[in-house]
Amino acid sequence: MSALFDLTGRTALVTGSSRGIGNALARALADAGATVVLNGITPDRLKAAEDAMAADYPEGRIRSCAFDVTSDTAAEDGIAWIEANVGPLDILVNNAGIQHRMPMLELDLADWERVISTDLTSAFLVGREAARRMIPRGRGKIINICSVQTDLARPTIAPYIAAKGGLRNLTRAMTAEWAGSGLQINGIAPGYIHTEMTQNLVDDEEFNAWILGRTPAHRWGTVQDLAGPAVWLASSGSDFVNGQTIFIDGGMTVVV
Ligand code: NDP
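To keep things clear, this report deals only with the structure shown in the data block. (Residues numbered from 1 in each chain as written. Predicted model: local features only at pLDDT ≥ 70, side-chain atom pairs only at ≥ 80, totals over all residues. Heavy atoms only, no water.)

Now for the side chain of S238. Residue position: S238 is located in the loop between α8 (224-234) and β7 (245-248). If we skip the residues at most four places from it in the chain, S238 touches K141, Q184, W232 and L233. (Helix = DSSP H or I, 4+ residues; strand = E, 2+ residues; numbered from the N terminus. Contact = heavy atoms within 4.5 Å.)

In this structure the tally under the stated criterion is 9 salt bridges. For K47, the salt bridge goes to D51, with nearest N and O atoms at 2.8 Å. Separated by 4 residues within a single helix, K47 and D51 lie in helix α2 (residues 43-54), roughly one turn from each other. A salt bridge links K141 to D239; its shortest N-O distance comes to 2.7 Å. Of this pair, K141 sits in strand β5 (residues 140-145) while D239 sits in the loop between α8 and β7, placing them 98 residues apart in sequence. Residue K141 is classed as buried on the basis of its relative accessible area, which comes to 6%. Of the residues examined, D239 reaches a relative accessible area of 41% and is grouped as partly exposed. (Salt bridge = Lys/Arg side-chain N within 4 Å of Asp/Glu carboxyl O. Buried < 20%, exposed > 50% of the residue type's maximum accessible area, 1.4 Å probe, protein only.)

Let's shift gears to the packing of helix α1 (residues 20-31) against α8. One way to put it is that α1 packs onto α8 with a least axis distance of 9 Å and a crossing angle of 60°. Looking at the two axes, α1 sits oblique to α8. With respect to the hand of their crossing, α1 and α8 are arranged in right-handed fashion. Together, I21, L25, A28 and L29 of α1 and L226, A227, A230, V231 and A234 of α8 make up the contact between the two elements. (Axes fitted to C-alpha atoms, helices over the stretch in contact; angles between N-to-C directions. Parallel < 35°, antiparallel > 145°, perpendicular 65-115°, else oblique. Left-handed = near helix turned anticlockwise from the far one by under 90°.)

Once that is clear, we can look at a negative patch on the surface. Side chains of D203, D204, E205 and E206 sit close together on the surface and give a patch of like negative charge. Mapped onto the secondary structure, D204 falls in the loop between α6 (199-203) and α7 (205-214). (Patch = residues over 30% accessible without salt bridge, like charges linked within 9 Å, V, L, I, M, F, W, Y side chains within 5 Å. Areas by Shrake-Rupley, 256 points an atom, 1.4 Å probe, with all protein chains shown as cover. Lys, Arg positive; Asp, Glu negative; His and termini not counted. Charge placed at Lys NZ, Arg CZ, Asp CG, Glu CD.)

With that out of the way, let us pick up the site of the ligand. Around the ligand there are 29 residues in total, and S18, T42, R45, N95 and Y160 lie nearest to it. In the model, an oxygen atom of the ligand is placed 2.7 Å from a nitrogen or oxygen of the S18 side chain. For the ligand, a nitrogen atom lies 2.9 Å from a polar atom in the side chain of D68. The protein chains hide 90% of the 910 Å² of surface that the ligand would expose on its own. Elements with a contribution of two residues or more to the shell around the ligand: α1 and α5 (158-178). (Near = heavy atom within 4 Å. Polar contact = N/O pair within 3.5 Å; in protein donor to acceptor, adjacent residues only side chain to side chain.)

Attention now moves to the sheet that holds strand β3 (residues 62-64). Read from one edge to the other, the open sheet built from 7 strands follows the order β3-β2-β1-β4-β5-β6-β7, with strand pairing classed as parallel. The strands lining the two open edges of the sheet, one partner per strand, are β3 and β7. The sheet shows a mean angle of 20° between the axes of neighbouring strands, direction not considered. Summarising the sheet, strand β6 (residues 183-190) and β7 pair through 4 bridges and their orientation is parallel. Considered in β7, the bridge of A189 is made with F247. Against the sheet, α1 engages β1 (11-14), β2 (35-38), β3, β4 (91-94) and β5, with an angle of about 165° to β2. Of the strands in this sheet, β4, β5, β6 and β7 touch α8, which is tilted by about 170° from β6. (Pairing = 2+ DSSP bridges.)

This part is about the side chain of N94. The topology assignment puts N94 in strand β4. Its relative accessible area of 5% is what places N94 among the buried residues. Engagement of the side chain of N94 in a polar contact is seen with the side chain of N144, the distance being 2.9 Å.

Counting 32 residues, the largest nonpolar core has L29, V36, L38, V93 and I188 as its most contacted members. Of all the elements, α1 adds the most residues to this core, at 6 residues. Filtering out sequence-adjacent residues up to four positions away, L29 remains in contact with L7, A12, V14, A34, V36, I91, V93, A230, V231 and A234. With 29 residues, the next largest nonpolar core counts F67, V69, I82 and A130 among its residues. (Core = buried A, V, L, I, M, F, W, Y, C linked by side-chain atoms within 4.5 Å.)

Let us now look at the pairing of β4. Here β4 shows two buried faces, one formed by I91 and V93 and the other by L92 and N94. Examined bridge by bridge, β1 and β4 share 3 bridges and lie parallel to one another. Its bridge partner being in β4, L13 is matched across the sheet by L92. Bridge count between β4 and β5: 4 bridges; the pairing is parallel. When the sheet's bridge partners are listed, V93 is paired in β5 with I143. Note that the unit made of β4, helix α4 (residues 109-137) and β5 has a crossover that is right-handed. (Right-handed = clockwise from strand over helix to strand, strands pointing away.)

Right under this line is the structure:
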């Protein structure tokens, strides 16, 4: 049974993994045996993340490749570098994402486009480049990191909601075109996760009480809660799972 979830010998790229959820997902895949390529755009932060992780795994298992996921040429060059210097890419996690809070009436076009480009178009660009390599080999796993906002709206985050909703349908579109070539493309939609980035929300008594009441599990998620589903969707254990978005949200999206 454990062989189903063993990623030994596989090469994985996790975009936006210099910190946060992406870094935790990278660790989960490395713990399951994969060679992992970290990615981000800030070189110093990426190098620090690579050094910190490399100390915990055998030599050569943690690599890094800085590129901007919103650029088609950078995505092309990044994937080409990985294939030439690390190995054939087996697993891609499209995780890089940003948030921008502003009521829609005051929202600039440039900010709308920046969020759509980072949270949605990037998955098309990096996914397309990865699939161009995976399809001739007849196998590959792509995991798109969605959100509860894939399904539910909230005021002041319109471009994020549009992007994350679009990402679920992009997951389906990729499945329609690439599943027949042996690729599995699925989404993970994390709920509210307690990280450094959300510590201020956890510390906000009113918001924290709302989360605990709104979540059937009555707690925040942790990055460890995402590890099992990520390893499953990256492994042979999910070879007939196609085009699904799995909500890891303590039940938030199934109750009102
Ligand atoms: P963080 O802000 O902690 O990290 C974002 C990562 O993305 C960083 O590594 C950053 O690199 C990288 N990044 C941003 N823009 C680009 C770009 N253009 N090209 C390459 N890398 C880029 O994010 P989170 O960990 O909070 O979120 C990660 C993903 O999870 C996002 O898609 C988010 O929407 C989703 N999510 C998060 C939730 C949460 O509770 N935090 C809940 C649900 C979903 P650099 O440091 O170089 O800028």
